[in-house]
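For reference, the chains in residue letters:
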Amino acid sequence: SAMVDPQDTLISEQVWRLALQEDYVLDSGAARWWAESTVWYGPGGVGTAHSRQDYYKHWLKPLHAGFSNLTMTTDLLVCEGKYCGAHFYLHGVHTGKWLGEAATGRKVPIRCGAHARIEGGKIVQGWLIVDIPRAFHAMGVDLYGRARALAIA
């Protein structure tokens, strides 16, 4: 686009690719591509993080505690200027508690849509949408059935 600096696009894409790989696949434990005062808007059941440490503590750490052997398949990754987006699947074996659900030992696909704003080589804002009902279905949990039962009760 004529509205963005092509150099910003190149830097943003490099940061975004490295962050996704290190955070989700490698479980580096550092979330080093995120600014200290980042704001990350997570999926329902997780909420918003107001720092890099919160992002790691409330999203990445529980994700990696809940799943072993995580892999990622990226369908789309695009950046324009200081903004990036990606659609990807995480696949892992549910070997620990995740979002309140005990380990099932099942292989679970976790479909994700993520966006980020990158400034000075760091992610300063992030958004993540997760298909939680699909992941829970793969874990053998019927979220809609639970909701129906609660509504009837």
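Preceding this section is the structure that the text describes.
Bear in mind that the values here come from a model prediction, so they are computed numbers and not experimental data. As a convention, each chain's residues are numbered from 1 in the sequence order in which they are written. Totals for whole chains, interfaces and linings use all residues, but because this is a predicted model, local features are given only for residues with pLDDT of at least 70 and pairs of side-chain atoms are given and counted only at 80 or more. Side-chain measures here rest on the full set of heavy atoms in the structure, leaving out hydrogens and waters.

### Looking at the pattern of salt bridges
Turning to step 1, where the next piece is worked out: For salt bridges, the criterion is a side-chain nitrogen of Lys or Arg within 4 Å of an Asp or Glu carboxyl oxygen. Scanning all chains against the criterion turns up 7 salt bridges.
Turning to step 2, where the next piece is worked out: Counted as one network, the salt bridges with shared partners bring together K82, R117 and E119.

### Thoughts on a nonpolar patch on the surface
Turning to step 1, where the next piece is worked out: Judged by side-chain polarity, Y41, Y83 and W127 come together as a nonpolar surface patch covering roughly 300 Å² of accessible area.
Turning to step 2, where the next piece is worked out: The secondary structure listing takes helices from DSSP runs of H or I that are at least 4 residues long and strands from runs of E that are at least 2 residues long, numbered from the N terminus. Tracing the sequence through the fold places Y41 in strand β1 (residues 34–41).
Turning to step 3, where the next piece is worked out: Only protein chains enter the calculation, and the probe is 1.4 Å; a residue is then buried if its accessible area is under 20% of its type maximum, exposed if over 50%, and partly exposed in between. According to the relative accessible area criterion, Y41 is partly exposed, its value standing at 32%. Exposure above 30% relative accessible area and no salt bridge define the residues that can form patches, which grow by joining like charges within 9 Å and nonpolar side chains of Val, Leu, Ile, Met, Phe, Trp and Tyr within 5 Å. We get accessible surface area from the Shrake-Rupley algorithm with a probe of 1.4 Å; when it comes to residues, only the shown protein chains can shield them.

### As for the sheet that holds strand β5 (residues 107–119)
Each strand in a sheet pairs with another by means of backbone hydrogen bonds, the pair being arranged parallel or else antiparallel.
Turning to step 1, where the next piece is worked out: If you trace the 6 strands from one edge of the open sheet to the other, you get β2-β1-β6-β5-β4-β3, paired in mixed fashion. If you trace the sheet from one side to the other, it starts and ends with β2 (48–49) and β3 (67–80), each paired once.
Turning to step 2, where the next piece is worked out: Should DSSP find at least two bridges between two strands, the strands are regarded as paired. Here β3 pairs with strand β4 (residues 83–94) via 11 bridges, running antiparallel. Bridged to L76 within β4 is H87.

### Things to note about unusual backbone geometry
Turning to step 1, where the next piece is worked out: Here the phi dihedral of D27 falls at roughly 50°; this positive angle occurs in a residue that is not glycine.
Turning to step 2, where the next piece is worked out: In this structure, D27 sits in the loop between α1 (6–26) and β1.
Turning to step 3, where the next piece is worked out: The class for D27 is partly exposed, based on a relative accessible area of 33%.
Turning to step 4, where the next piece is worked out: For L99, which is not glycine, the phi dihedral falls at a positive 50°.
Turning to step 5, where the next piece is worked out: Among the secondary structure elements, L99 is positioned in the loop between β4 and β5.
Turning to step 6, where the next piece is worked out: On the basis of relative accessibility, which here comes to 30%, the residue L99 falls in the partly exposed class.

Geometric descriptors of this kind do not, in isolation, establish any biological role.
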